[in-house]
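Notes for the structure review
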Amino acid sequence: MWDSLWVDANLATMATEAQKPYGTIAQGAIAIKNGLIAWIGPQSDLPDIPENLAHTIFSAKNAWITPALVDCHTHLVFGGNRAVEFEKRLEGATYEEIAQAGGGILSTVKATRAASMEELIKSAEQRLKAMQREGIATVEIKSGYGLDYDNEIKMLQVSKILEQTHPVRIKRTFLGAHTIPPEYKHDRNSYLDLVCNEMIPAIAKEQLADAVDVFCENIAFTYQEAKRVFETAKTNGLKTKIHAEQLSDSNGTKLAASYGSLSADHLEHLTPEGIGAMANSGMIAVLLPGAFYFLRETKIPPIEALRKAKIPIALATDCNPGSSPITSPLFVLNMACTLFKITPEEALAGMTRNGAAALGLADKTGALEVGKSADLAIWDIDHPSELSYWIGVNPLKHLLFEGKDVSLS
Ligand SMILES: [Zn+2]
């Protein structure tokens, strides 16, 4: 007997091998046992009447069931926010004036360092719940606002506690190489020594992170510096990923490909050479339309070239206080379509199957297939394109994480 069985459902399986758009199974059924998908197919193919197959039967009443959403790139844990800075900029203040007044990323570093674990948990929890209310069951959270040993560890521990206390799967990423902290402004190498000689080995040893990320950009870390961090990650058995080609071409994507990284993220300035490096590398291209929108960028990532090279595209909120204060995956789907001309089906794949692959979870979640985690989002819609279409409408009826109903209050 299965634990539960959903019938009268339209299924968007988002499975790779699916022949139909969205991997659609009309009038489908999906069974759950021990938190995993135990059976999926047209209802008419069920081996017996539902009552003989499962302890509990649910009718989806013709709603659509998709894989629960995956947000593979966030900076969800941080102290304070930058709304006042946002306001000042719109009143005409320059970046220099804002920086002089203590604004910018360093203001978030200051607020994050000053915050207790409880305070960080409380503010992150609100954002996490907002994401769950729109169907997210898996989220990646980066460190990178502590920028010293204790505070980077503190951020990763906060993410760990969030996972232990909420029905959600969290992947933790160490982003000590986010920016140079103020106390190392004139001594970049010493900060990199700290990241590579102390932080990464300790984090690997304590299993506090699954991967290491670097912000490779002319305003952050150079190619050579990123390489040093990647080499250290590799030595310590951690996976890698990169913030690359967001504001300029720094060759970060090529570097990441040479280390077999999970993903390269942003990619507005990705060149044909970078695409060549990514092709056939198994890397995922993670696009972040929220940051593009919020920073009023104009250079669109090379979508057509990514398609041609068959590089899987994932989408994420990039939730962070400076450039993407966004907790809405549905808004991200819409922005990907309107700003980047991604199709709604590509967008949904970007926050399900490909988002999971970007976290090394392709065998676990992101598609409705037997053996995968029963992470399901049940939507009151007539067609899955509606998930990318509406702005400000949330049609989520139920969210299941590992087969269990997640309270959306
Ligand atoms: Zn980011």
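Each remark here, short or long, concerns the structure printed above.
Small disclaimer: the values here were computed from a predicted structure and weren't measured.

Calculation criteria
Residues numbered from 1 in each chain as written. Predicted model: local features only at pLDDT ≥ 70, side-chain atom pairs only at ≥ 80, totals over all residues. Heavy atoms only, no water. Donors = N, O, S within 2.8 Å, 3.2 Å for Na, K, Ca; no water. Tetrahedral: all angles 85-135°; square planar, octahedral: opposite > 155°, others 65-115°. Helix = DSSP H or I, 4+ residues; strand = E, 2+ residues; numbered from the N terminus. Buried < 20%, exposed > 50% of the residue type's maximum accessible area, 1.4 Å probe, protein only. Phe/Tyr/Trp six-rings, centres within 6.5 Å; stacked < 30°, edge-to-face > 60°. Lys NZ or Arg CZ within 6 Å of the ring centre and 35° of its normal.

1. Here we look at the coordination of the zinc ion
- In this structure, His73 (NE2), His75 (NE2), His243 (NE2) and Asp318 (OD) serve as the protein donors to the zinc ion, at separations of 2.1 to 2.5 Å.
- Here the zinc ion is ringed by four donor atoms whose angles at the metal span 82 to 168°, and the overall shape comes out irregular.
- Counting gaps between the donor residues of the zinc ion yields the pattern H-x1-H-x167-H-x74-D. Separated by 170 residues along the polypeptide, His73 in the loop between strand E6 (69-71) and helix H1 (83-90) and His243 in strand E10 (residues 239-244) bring together distant segments of the chain.
- For His73, a relative accessible area of 0% gives the class buried.

2. Describing the packing of aromatic side chains
- Counted under the stated rule, the structure contains nine aromatic pairs.
- Ring geometry for Trp2 versus Trp39: centroids 6.1 Å apart, planes at 35°, classification tilted. Placement of Trp2 in strand E1 (residues 2-12) and of Trp39 in strand E3 (residues 36-42) is noted, with a sequence separation of 37 residues between them. Neither residue differs from the other here; Trp2 and Trp39 are each classed as buried.
- Ring plane angle 80° and centroid distance 5.9 Å describe the contact between Tyr293 and Phe331, whose orientation is recorded as edge-to-face. Of this pair, Tyr293 sits in helix H10 (residues 289-294) while Phe331 is found in helix H12 (residues 329-340), placing the two residues 38 residues apart along the sequence.
- The class for Phe331 is partly exposed, based on a relative accessible area of 26%.
- A cation sits over an aromatic face here: Arg127 above Phe78, 3.6 Å from the ring centre.
- In this structure, Arg188 is placed above the aromatic ring of Phe221, and the distance from its NZ or CZ to the ring centre is 5.7 Å.

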